[in-house]
Amino acid sequence: FESSKRKAIETISEYKKKLDNKTIVFNNTSKQKDVLDIAKTIVADDGVKAKIVEQYIPLINKHMNVFLNAMDFFVTFELDSEFNETIKSRGRDSFTYANFSEGEKQRIDLAILLTWRKISQAKNSLSTNLLILDEVFDSYLNHEATENVLDMFKKHFDNSNNIIVISHKESIFDSFERVIKFNK
């Protein structure tokens, strides 16, 4: 009887050790699950990500419209919280990016570039005085649009900004204080 009692106690002791180990594994897994649940909530479409997007969308829309108007491209640009754009013309007809000519798309693209630059400066205390535009004026911008973009640069950028424009369009050279010409 004594030997079977001892054997039963040893078996119970072994099972208790296994249970303790399984409890530790379970607790660790449970903690990891809690952390992942919190992370899932943060990055969910209606979580913290939505709050961040909600905070920046009005700034993006504001700056986009300022830059588009400064280029004499009178449309109203709006992004929603899922980054779907609505662009309304003077007649208030709604368009998407694909509805515009290549020159109009290029002005929208420039406004997007300058908007992201402006927001990064404002929100990250990151200020850069350098902007490099490679052949922006060479493809789809007509003469009037080119003049509008150049005027926008004059209005929105002071002498502390260094704008380097790489172009094959010699007609724009007179718009800049300094020009460096390279010939092949």
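Computed from a predicted model, the values in this text were never measured in an experiment. Every chain begins its residue count from 1, and numbering advances along the sequence as written. At least 70 in pLDDT is required for a residue's local features to be given in this predicted model, at least 80 for side-chain atom pairs to be given and counted, and no such filter applies to totals for whole chains, interfaces and linings, which use all residues. Excluding hydrogens and water, the side-chain figures rest on all heavy atoms present in the structure.

1. A closer look at the pairing of strand β4 (residues 130-134)
Counted only if it meets this: With a 1.4 Å probe rolled over the protein chains alone, any residue whose accessible area is under 20% of its type maximum counts as buried; one over 50% counts as exposed, and the rest are partly exposed. Secondary structure follows DSSP: runs of H or I at least 4 residues long count as helices, runs of E at least 2 residues long count as strands, and numbering of each begins at the N terminus. By the convention used here, strands pair only if DSSP detects at least 2 bridges between them.
Every second residue of β4 is oriented toward a common face, the buried set being Leu-131 and Leu-133 and the non-buried set Leu-130, Ile-132 and Asp-134. Where β4 and strand β5 (residues 162-166) come together, five bridges link them in parallel fashion. Residue Leu-131 lies in a different strand from β5, and its bridge partner there is Ile-163.

2. Considerations on the nonpolar core
Nonpolar side chains in soluble globular proteins tend to be buried together. Heads up, the condition is: Take the buried Ala, Val, Leu, Ile, Met, Phe, Trp, Tyr and Cys residues and link them wherever side-chain atoms come within 4.5 Å; each set so joined is a nonpolar core. By definition, residues are in contact when any of their heavy atoms lie within 4.5 Å.
Leu-68, Met-71, Ile-108, Phe-137, Val-149, Met-152 and Phe-153 are the most contacted members of the largest nonpolar core, which totals 32 residues. For this core, the secondary structure elements donating two or more residues are α2 (48-70), β1 (76-79), α3 (102-124), β4 and α4 (143-156). Each residue touching Met-71, except ones within four places of it in the same chain, is listed here: Arg-107, Leu-110, Ala-111, Asn-148, Val-149 and Met-152.

3. Structural notes on the sheet that holds β1
The three strands are arranged β1-β2-β3 in an open sheet whose pairing can be described as antiparallel. Strands at the two margins of the open sheet, each flanked by one partner only, are β1 and β3 (94-95). Inspection of the sheet shows strand β2 (residues 85-88) paired to β3 by two bridges, in the antiparallel sense. Of the residues in β3, the one forming a bridge with Ile-87 is Phe-95.

4. A closer look at unusual backbone geometry
Of note in the backbone geometry, Asp-72 takes a positive phi value of approximately 55° without being a glycine. Positioned with a positive phi, Glu-135 is a non-glycine residue whose angle comes to about 60°. Along the chain, Glu-135 falls in the loop between β4 and α4. Take Glu-135: its relative accessible area is 36%, and that puts it in the partly exposed class.

5. Observations concerning the layout of surface pockets
The gaps of empty space that remain are located by a probe, the size of a water molecule, rolled over the atoms. Applicable threshold: The rule is simple: put a 1 Å grid over the protein atoms alone, call a set of points where a 1.4 Å probe fits but cannot get out a cavity, call an open set with protein on both sides within 12 Å along at least five of seven lines a pocket, and count a residue as lining if it has an atom within 4 Å of a point. Grid points are joined across faces, edges and corners, and a volume is the space filled by probe spheres set on the points. By the convention adopted, Pro, Cys, Tyr, Trp, Phe, Met, Ile, Leu, Val and Ala count as nonpolar, Lys, Arg, Asp and Glu as charged, and the other residues, Gly among them, as polar.
Roughly 1,100 Å³ of volume is contained in the largest pocket. Lining of the largest pocket is provided by 26 residues; of these, Ile-163, Ile-164, Val-165, Phe-176 and Arg-178 occupy positions nearest its centre. Elements with a minimum of two residues in the lining of the largest pocket: α4 and β5. Of the residues forming the lining of the largest pocket, the biggest block, five residues, is contributed by β5. Split by residue class, the lining of the largest pocket holds 13 nonpolar, seven polar and six charged. Estimated volume of the second largest pocket: approximately 180 Å³. Arg-117, Gln-121, His-156, Phe-157 and Asn-161 are, among the 13 residues lining the second largest pocket, the residues nearest its centre.

6. What about the packing of aromatic side chains?
Note the threshold: A pair of aromatic rings is counted whenever rings of Phe, Tyr or Trp (Trp by its six-membered ring) have centres within 6.5 Å, and the orientation is called stacked for planes under 30 degrees apart, edge-to-face for over 60 and tilted otherwise.
Within this structure, the stated rule accounts for three aromatic pairs. A centroid spacing of 5.8 Å and a plane angle of 75° characterise the contact between Phe-73 and Phe-100, whose relative ring orientation is edge-to-face. Separated by 27 residues along the polypeptide, Phe-73 in the loop between α2 and β1 and Phe-100 in the loop between β3 and α3 bring together distant segments of the chain. Owing to a relative accessible area of 6%, Phe-73 belongs among the buried residues under this scheme. What makes Phe-100 buried here is its relative accessible area of 11%.

7. With respect to the confidence of the model for the protein chain
Note the threshold: The score called pLDDT rates the predictor's confidence residue by residue, from a low of 0 to a high of 100.
The predicted model of the protein chain averages 87 in pLDDT, with 98% of residues at 70 or higher. Predicted confidence in the protein chain is weakest over β3, with a mean pLDDT of 82, and strongest over helix α1 (residues 2-43), with 92.

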